[in-house]
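A closer look at the structure
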Amino acid sequence: MIITNNPDVQSAQLGETLLVRGTPLDVLQAVSDYMEKGWHLVTHPLSANNRLNKSPYRSVVLSEKNSWEGSERDILDRAISHLSLQGFDDPGGADADYRWIDLEHLKTALFEAAKFHL
């Protein structure tokens, strides 16, 4: 399951996708709701670096299989707290670039997750 606010992800049809209207924080709230229903994190809810965390697009992969050691809830809560303290970039003329970066990172994550049958 992919939860995203990136319309390009939905268009790419990479798997079951929930398109969330709103900010990356809204995406993480939807992730939290799915985790309450028994879903598990496959990808980390934060980006690879702090600059990318300011992106207006976020995609998170969940699975019905547990794939993490430790507390997924703690990881998600810390990500929400971190993103709550910062703003997100106004994409302006770079909107397509932000969507592309998010989609390419997602494709890589899905390729890696497939190796573990998630």
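A few points on the structure. Just so you know, these numbers come straight off a predicted model, no measurement behind them. Residue positions are counted from 1 within each chain, in the order its sequence is given. Predicted model: local features are reported for residues with pLDDT of at least 70 only, side-chain atom pairs are reported and counted for 80 or more only, and whole-chain, interface and lining totals are derived from all residues. Only hydrogens and water are set aside; all other atoms, that is, all heavy atoms of the structure, feed into the side-chain values.

**With respect to the overall build of the protein chain**
Each helix is a run of H or I in the DSSP string that is no shorter than four residues. Each strand is a run of E no shorter than two, and both are numbered from the N terminus. Along the protein chain, the regular secondary structure elements total 4 helices and 4 strands. Going from the N terminus to the C terminus, the protein chain shows its helices and strands as β-α-β-α-β-β-α-α. Computation of the radius of gyration draws on C-alpha atoms alone. For the globule rule, the value is 2.2 Å times the number of residues to the power 0.38. Here the C-alpha atoms of the protein chain give a radius of gyration of 13 Å, agreeing with the 13 Å that 2.2 N^0.38 yields for 118 residues. Oriented by its inertia axes, the alpha-carbon framework of the protein chain measures out at about 40 × 30 × 25 Å. Residues classed as buried in the protein chain amount to 40% of the 118 residues present. The contact criterion used throughout is that any non-hydrogen atoms of two residues lie within 4.5 Å. For the protein chain, long-range pairs separated by at least 24 residues make up 69% of all intrachain contacts whose partners lie at least 6 apart in sequence. Just so you have it, the protein chain exposes about 6600 Å², and 51% of that area is on carbon and sulfur atoms. For the protein chain, the separation between the mean place of its 11 positive charges and that of its 17 negative charges on side chains is 2 Å. We call a residue buried when its accessible area falls under 20% of the maximum for its residue type, exposed when it is over 50%, and partly exposed in between, using a 1.4 Å probe and counting protein chains only. We get accessible surface area from the Shrake-Rupley algorithm with a probe of 1.4 Å; when it comes to residues, only the shown protein chains can shield them. Asp and Glu are treated as the negative residues and Lys and Arg as the positive ones, with His and the ends of the chain left uncounted. Here the site of a charge means NZ on Lys, CZ on Arg, CG on Asp, or CD on Glu.

**Let's talk about the sheet that holds strand E3 (residues 40-41)**
Strand-to-strand pairing in sheets goes through backbone hydrogen bonds, with the strands running parallel or antiparallel. Criterion used throughout: strands pair if DSSP finds at least two bridges between them. Within the open sheet, the 4 strands sit side by side as E2-E1-E4-E3. Their pairing is mixed. Taken across any chain shown, the strands that pair with only one partner, and hence form the sheet edges, are strand E2 (17-19) and E3. Convention adopted: a line fitted to C-alpha atoms gives each axis, helices being fitted over their contacting stretch, and angles between N-to-C directions are expressed from 0 to 180 degrees. Seen against the sheet, helix H4 (residues 95-115) touches strand E1 (2-4) and strand E4 (59-63) and runs at an angle of roughly 25° to E4.

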